[in-house]
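Inside the fold
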Amino acid sequence: MQMVKKNMVALAVAGALVFPLAAMADDAEVSGFIDVIADSDRDPVFAADAEIDVSKKMGAVTVRVDFDMNLANNNGNTGTDSGRLEQAFFAWAATEQVTILGGLFNNPIGQEAEDAPDLNFTSHSVVWNILDGQTGLYGNNLAGVAAAGAVGPATVTLAVVDDLGFATSGTAPDEKGKTSVALVVNAKPMPGLDLELGYVTQDDQEVAGNPTTAGNVLDFNAAFNTGPVTVGLDYLAADNIVDSATNLWAGFAVNSKVSVKVRYESVAFEGGGDDSTKTTLYASYSVEDNLLVALETSSGDNGSGEGVSGIADDDVTTLEFIGTF
């Protein structure tokens, strides 16, 4: 749950309101993207998503809203086209060293971002999918408050948010919501090397004596870049259901427009059983600064738990176009 590191400033509004708002406040910043994917493993084959982000800074405070829009048939949805709030928060630079964040924001734990233009691959990693599965809100997002500040050579983020699975105490009508606490430490001990250690608490929930949440989650991730080569590791361990999940990947920039990447992932489950594994190959070409074309193919073995790991027991090929503005 990468709560703050990648998203200390963010803001989006419904498409119908964006352009009037931009016209009324000429210092507001409007950005976003479209994500068009042809997926060999889905019906319908073609899908299109979009996001509009709006932010405005006044003094030491930035306010941002991110609004996601999806075709009705994407991801099994039916009915009319859908719009969802991804982020809605303020970021207050309280001092030169400390920033306060409040509202709805991307999970700060884990290596991977949420939005298509920020991903290393077309598909999300198994670690991100597990974290996303634990957060009750739409997407891998959290609602609460956080503070991030420099502590020596590291940046430390502490957040108090609604319990990941919305656990409550008491019984109706006197139920009270519980909270989760997250701690994230980021460090850059040398040029090109980024390290992160994150931990988030979660109330245990059970059905018939079987856990339905992963409980407390620990994540360690690292990325190292030298010249055209980048290598990365994202490792997750949980109290329940999932014993561990590992994402190993590497990328090579052929030139300023072409890059290729490979990823290997595995998930081990509590109580044994076969691991879920997945291998992904990816290549991208930058047509212009605002348009990326990517081809990805993956082969998965769901082992003992496709529902938890997000790994399907088949081969999938996708063609993706990401346009940004």
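Residues numbered from 1 in each chain as written. Predicted model: local features only at pLDDT ≥ 70, side-chain atom pairs only at ≥ 80, totals over all residues. Heavy atoms only, no water.

**Here's the deal with the overall build of the protein**
Of the regular secondary structure elements, the protein holds three helices and 20 strands. Taking all 325 residues of the protein together, 43% fall into the buried category. Surface exposure of the protein reaches about 15600 Å², of which carbon and sulfur atoms provide 59%. (Helix = DSSP H or I, 4+ residues; strand = E, 2+ residues; numbered from the N terminus. Buried < 20%, exposed > 50% of the residue type's maximum accessible area, 1.4 Å probe, protein only. Areas by Shrake-Rupley, 256 points an atom, 1.4 Å probe, with all protein chains shown as cover.)

**Focus: the pattern of salt bridges**
Under the counting rule described, the total for this entry stands at six salt bridges. Across the salt bridge formed by Asp53 and Arg64, the nearest N and O atoms sit 3.1 Å from each other. In this pair, Asp53 sits in strand S2 (residues 46-58) while Arg64 sits in strand S3 (residues 61-70), placing the two residues eleven residues apart along the sequence. Using a relative accessible area of 6% as the deciding quantity, one classes Asp53 as buried. Asp66 is the partner of Arg64 in a salt bridge, and the nearest nitrogen-oxygen pair spans 2.8 Å. Of the two residues, Arg64 and Asp66, neither departs from the other in class, the shared state being buried. (Salt bridge = Lys/Arg side-chain N within 4 Å of Asp/Glu carboxyl O.)

**Some details on unusual backbone geometry**
Of note in the backbone geometry, Phe166 takes a positive phi value of approximately 60 degrees without being a glycine. Within the secondary structure, Phe166 is located in the loop between strand S7 (154-162) and strand S8 (168-169). Of the residues examined, Phe166 reaches a relative accessible area of 41% and is grouped as partly exposed. We note that Ile241 has phi near 65 degrees; this positive angle belongs to a residue other than glycine. By secondary structure assignment, the location of Ile241 is in the loop between strand S15 (229-238) and strand S16 (242-253).

**As for the nonpolar core**
Ranked by size, the top nonpolar core spans 26 residues in total, and within it Phe105, Val217, Leu236, Ala245 and Val267 carry the most contacts. When residues of this core are assigned to their parent elements, the largest contribution, four residues, is made by helix H2 (residues 126-134). (Core = buried A, V, L, I, M, F, W, Y, C linked by side-chain atoms within 4.5 Å.)

**Overview of the confidence of the model for the protein**
Scored by pLDDT, the protein comes out at a mean of 87, with 87% of its residues at no less than 70. For the stretch residues 1-25, pLDDT sits under 50, and the model shows 94 contacts to residues farther than four places along the chain or on other chains. (pLDDT = per-residue confidence, 0-100. Contact = heavy atoms within 4.5 Å.)

**Concerning a nonpolar patch on the surface**
Taken together, Tyr285, Val287, Leu291, Leu295, Leu319 and Phe321 make up a surface patch of nonpolar side chains, about 470 Å² in accessible area. Taken together, the elements giving at least two residues each to the nonpolar patch come down to strand S18 (276-288), strand S19 (291-301) and strand S20 (315-324). (Patch = residues over 30% accessible without salt bridge, like charges linked within 9 Å, V, L, I, M, F, W, Y side chains within 5 Å.)

**Some thoughts on the pairing of strand S1 (residues 29-39)**
Both S1 and S2 contribute to a ladder of ten bridges, which runs antiparallel. When the sheet's bridge partners are listed, Ile37 is paired in S2 with Ala47. Linking two consecutive strands that pair antiparallel, namely S1 and S2, is a turn of six residues. In this sheet, S20 lies alongside S1 in antiparallel orientation, the contact comprising seven bridges. When the bridges of S20 are listed, Ala38 appears paired with Leu319. (Pairing = 2+ DSSP bridges.)

**A closer look at a negative patch on the surface**
A grouping of Asp204, Glu206, Asp239, Asp243, Glu270, Asp274, Asp275, Asp301 and Asp313 is seen on the molecular surface, where their side chains present a negatively charged patch. Counting through the fold element by element, Asp301 comes out in strand S19. Assessed through its relative accessible area of 38%, Asp301 is described here as partly exposed. (Lys, Arg positive; Asp, Glu negative; His and termini not counted. Charge placed at Lys NZ, Arg CZ, Asp CG, Glu CD.)

**Some details on the pairing of S15**
As paired strands, strand S14 (residues 217-226) and S15 are joined by ten bridges and run antiparallel to one another. Considered in S15, the bridge of Ala222 is made with Leu233. Taking the residues that link successive antiparallel strands as the turn, the S14-S15 hairpin has two residues, and the phi of Gly227 there is positive, at about 60 degrees. Pairing analysis gives nine bridges linking S15 to S16, with the strands arranged antiparallel. Of the residues in S16, the one forming a bridge with Val229 is Phe252. The turn joining S15 and S16, which pair antiparallel and follow one another in sequence, is formed by three residues; a positive phi near 65 degrees is taken by Ile241.

**Some points on the environment of Val260**
Along the chain, Val260 turns up in strand S17 (residues 258-269). Between the C-alpha atoms of Val260 and Tyr285, which are 25 residues apart in sequence, the distance is 9.2 Å.

**Regarding the side chain of Thr230**
Within the secondary structure, Thr230 sits in strand S15. Within the local environment of Thr230, its side chain forms a polar contact with the side chain of Asn225, the two groups lying 2.7 Å apart. With residues near it in sequence (within four places) discarded, Thr230 still touches Phe224, Asn225, Trp249, Ala250 and Gly251. (Polar contact = N/O pair within 3.5 Å; in protein donor to acceptor, adjacent residues only side chain to side chain.)

**A few points about the environment of Val258**
The residue Val258 is located in strand S17 in this model. Each C-alpha atom of the pair Val258 and Tyr285 lies 4.7 Å from the other, and the pair is 27 residues apart in sequence. Discounting residues that sit within four places of it in the chain, Val258 has contacts with Phe252, Ala253, Ser284 and Tyr285.

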